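Residues per chain are reported as follows:
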Amino acid sequence: MTSDATRVVHEGRRPADFQGVVNTPVFRASTVLSSTVAEWNHKKKVRAQEQPGTYYGRHGTPTTHTFQDAMAALEGGARTLVFPSGLAACACAILAFVQTGDHVLISDSAYDPTRRLAAGVLKRFGVTTTFYDPCVGAGIAELITPKTRLVYTESPGSHTFEVQDIDQLAEIAHKHGAVVAMDNTWATPLYFKPFEHGVDISVQAATKYIVGHSDAMLGTVTVTQALWPQLKSTAYDLGQIAGPDDCYLAARGLRTLAVRLRQHWENGMQLAEWIAHQPEVERVLHPALPSDPGHALWKRDFKGASGLFAVQLKPTAAQAFESLIDGLELYGIGASWGGFESLVLPINPADHRAVTTWKSDGPMFRVHAGLEDVNDLIADMHAGFQRLRALA
Ligand SMILES: *Cc1c(COP(=O)(O)O)cnc(C)c1O
């Protein structure tokens, strides 16, 4: 299986193990019975570490393992663990690999709740954090101290979409004995291959494109073989496991990811290009647009773009901005993204910065291009800009 389009269809499925049933069924389990003491002892010893198999629901069931196996294959890492949300995955991707006295570097453009974890929980346990400018490039070397254990990155960045040179970042981090964790949610494992670029720990908010239907919360952490025991034991000690129904939905979502994502990419590009041409727009933040500062790196490293981007308007009345957004018929206003439906969300990146500033004189919003007909999406947005014009 060399093509991802083929892999998403087949990886992790074992119909022969389930009477020929195509999708691994939902196994709901806490207790898993053994018929003898010897079997119990064997399961406990061997199966706690190894998939497939389980001796207790907290280690997952075949439903969980199907999804994990498929994700490991797609991300290109050795093993994957599921978590009950994307944020739980982000948290464990850091917590599993640091201890008191350690220092971590986190991109200043990273997802805000991950930044909160650093400022709160990590600090409380004596792990210090320095946020770094996502555009720092090779300058990251100067921020690394003898205590730096982990560099946490997200590319493109949440809300602002800066693209980072991950190969360079990983090379520098490794030279100084630090591991690299990356939130790879925007690109999904189909459009960015973290382990080919030196990443050691890859995080997915599977809630987004992998579940793909806005109906479950889930996260994954994928690691190299060397880091697996540490990840597995920490997640176990913290009692982390996701429900089988959610894992089933994620595995089912995964089977159509390649075709869905192609359409999100296409719709997002057309929409971004159309929006960029409106006179009220200061700029569109989308790395696949040739005008974007991250375009060259995106082109070098990514296999595609998802449907998520941001728009910065020229200064306008709050009422005019709200009228654009409020009257949209096809775009819901709400958190999260990656489902089949289009979304918009007012954002203010300046609120989530520690060492860099984000200057925007006009209001900003984030767009998730869904799977609707793009002409309808553009027409709805066109009506929105007409409302804005009438009130500006
Ligand atoms: C949504 C998101 C998360 C968190 O995922 P949840 O499932 O909502 O907890 C983490 N990282 C990024 C980049 C996200 O967009």
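Notes on the structure follow.

Procedures and definitions
- Residues numbered from 1 in each chain as written.
- Predicted model: local features only at pLDDT ≥ 70, side-chain atom pairs only at ≥ 80, totals over all residues.
- Heavy atoms only, no water.
- Helix = DSSP H or I, 4+ residues; strand = E, 2+ residues; numbered from the N terminus.
- Polar contact = N/O pair within 3.5 Å; in protein donor to acceptor, adjacent residues only side chain to side chain.
- Contact = heavy atoms within 4.5 Å.
- Buried < 20%, exposed > 50% of the residue type's maximum accessible area, 1.4 Å probe, protein only.
- Pairing = 2+ DSSP bridges.
- Axes fitted to C-alpha atoms, helices over the stretch in contact; angles between N-to-C directions.
- Phe/Tyr/Trp six-rings, centres within 6.5 Å; stacked < 30°, edge-to-face > 60°.
- Lys NZ or Arg CZ within 6 Å of the ring centre and 35° of its normal.
- Parallel < 35°, antiparallel > 145°, perpendicular 65-115°, else oblique.
- Left-handed = near helix turned anticlockwise from the far one by under 90°.
- Nonpolar A, V, L, I, M, F, W, Y, C, P; charged D, E, K, R; others polar.
- Salt bridge = Lys/Arg side-chain N within 4 Å of Asp/Glu carboxyl O.
- Right-handed = clockwise from strand over helix to strand, strands pointing away.

Turning to the side chain of Asp4, a few remarks are in order. Its place among the elements puts Asp4 in helix H1 (residues 4–10). Only 2.8 Å separates the side chain of Asp4 from the side chain of Lys193, close enough to count as a polar contact. Those residues in contact with Asp4 that sit more than four places away from it in its chain are Leu74, Pro189, Leu190 and Lys193.

Relative to the elements of secondary structure, Lys299 occurs in helix H11 (residues 295–301). Here Lys299 falls in the exposed class, since its relative accessible area comes to 60%. Here the alpha-carbon distance between Lys299 and Pro287, two residues 12 residues apart in the chain, equals 8.5 Å.

Let's shift gears to the sheet that holds strand E4 (residues 148–154). The strand order E1-E7-E6-E5-E4-E2-E3 describes an open sheet built from 7 strands, whose pairing is mixed. Each end of this open sheet is capped by a strand with a single partner; those strands are strand E1 (79–83) and strand E3 (128–132). Ignoring which end each strand starts from, the neighbouring axes of this sheet average 20 degrees apart. Relative to strand E7 (residues 219–223), E1 runs antiparallel, the two sharing 5 bridges.

This part takes up the packing of aromatic side chains. As enumerated under the stated definition, the model contains 8 aromatic pairs in all. Geometrically, the ring pair formed by Phe192 and Phe302 is tilted, given 4.8 Å between the ring centres and 35 degrees between the ring planes. With a gap of 110 residues between them, Phe192 in the loop between helix H7 (188–191) and strand E6 (201–204) and Phe302 in the loop between H11 and strand E9 (308–313) connect regions that are remote in the sequence. Of the two residues, Phe192 and Phe302, neither departs from the other in class, the shared state being buried. Relative to Phe385, the ring of Trp274 has its centre 5.9 Å away and its plane inclined at 70 degrees; by these criteria the two rings are edge-to-face. In this pair, Trp274 sits in helix H10 (residues 257–276) while Phe385 sits in helix H13 (residues 374–391), placing the two residues 111 residues apart along the sequence. By the burial criterion, Trp274 is buried, and Phe385 matches it. Grouped by ring-pair contacts, the aromatic residues Trp186, Phe192 and Phe302 constitute a single cluster. Positioned above the aromatic ring of Phe131, the side-chain terminus of Arg115 is 4.4 Å from the ring centre.

Moving on: the packing of H10 against H13. Running from N to C, H10 and H13 point in directions that differ by 25 degrees, and their axes come no closer than 10 Å. It follows from the interaxial angle that H10 and H13 lie roughly parallel. In terms of crossing hand, the pair formed by H10 and H13 is right-handed. Within the contact between the two elements, H10 uses Asn267, Gln270, Leu271, Trp274 and Ile275 and H13 uses Val374, Leu377, Ile378, Met381, His382 and Phe385. Grouping the amino acids of the contact of H10 with H13 by side-chain chemistry returns 8 nonpolar, 3 polar and no charged.

This part is about the pattern of salt bridges. Per the stated rule, a full pass over the model turns up 14 salt bridges. The closest approach of N and O atoms between Lys193 and Asp4, which form a salt bridge, is 2.8 Å. Of this pair, Lys193 sits in the loop between H7 and E6 while Asp4 sits in helix H1, and the two are 189 residues apart along the sequence. Judged by its relative accessible area of 6%, Lys193 falls in the buried class. Residues Arg353 and Glu162 are paired through a salt bridge, measuring 3.2 Å at the closest nitrogen-oxygen approach. Here Glu162 lies in the loop between E4 and helix H6 (166–175) and Arg353 lies in the loop between strand E11 (343–347) and strand E12 (364–368), a separation of 191 residues in the sequence. Each member of the pair, Arg353 together with Glu162, is buried.

Here the focus is the sheet that holds E11. The strands that make up a sheet pair up through hydrogen bonds in the backbone, lying either parallel or antiparallel. Strand order across the open sheet formed by 5 strands is E8-E9-E12-E11-E10, with mixed pairing between neighbours. Bordering the open sheet on either side are strand E8 (281–285) and strand E10 (332–333), each of which pairs with just one other strand. Of the pairings in the sheet, the one linking E10 to E11 comprises 2 bridges and is parallel in character. Within the sheet, the bridge partner assigned to Ile333 lies in E11 and is Val344. Of the strands in this sheet, E9, E10, E11 and E12 are in contact with helix H12 (residues 318–326), which crosses E12 at around 10 degrees.

So, about the pairing of E4. Note on strand geometry: in a regular strand, side chains alternate between the two faces of the sheet. Counted residue by residue, E4 has 6 buried out of 7 residues, so it is predominantly covered. Where strand E2 (residues 103–107) and E4 come together, 4 bridges link them in parallel fashion. Looking at E4, one finds that Ile106 is bridged to Tyr152. The sheet contact formed by E4 and strand E5 (residues 179–183) spans 5 bridges and is parallel. The residue of E5 that forms the bridge with Thr153 is Met182. You can see the chain leave E4, run along H6 and come back into E5, and the turn it takes is right-handed.

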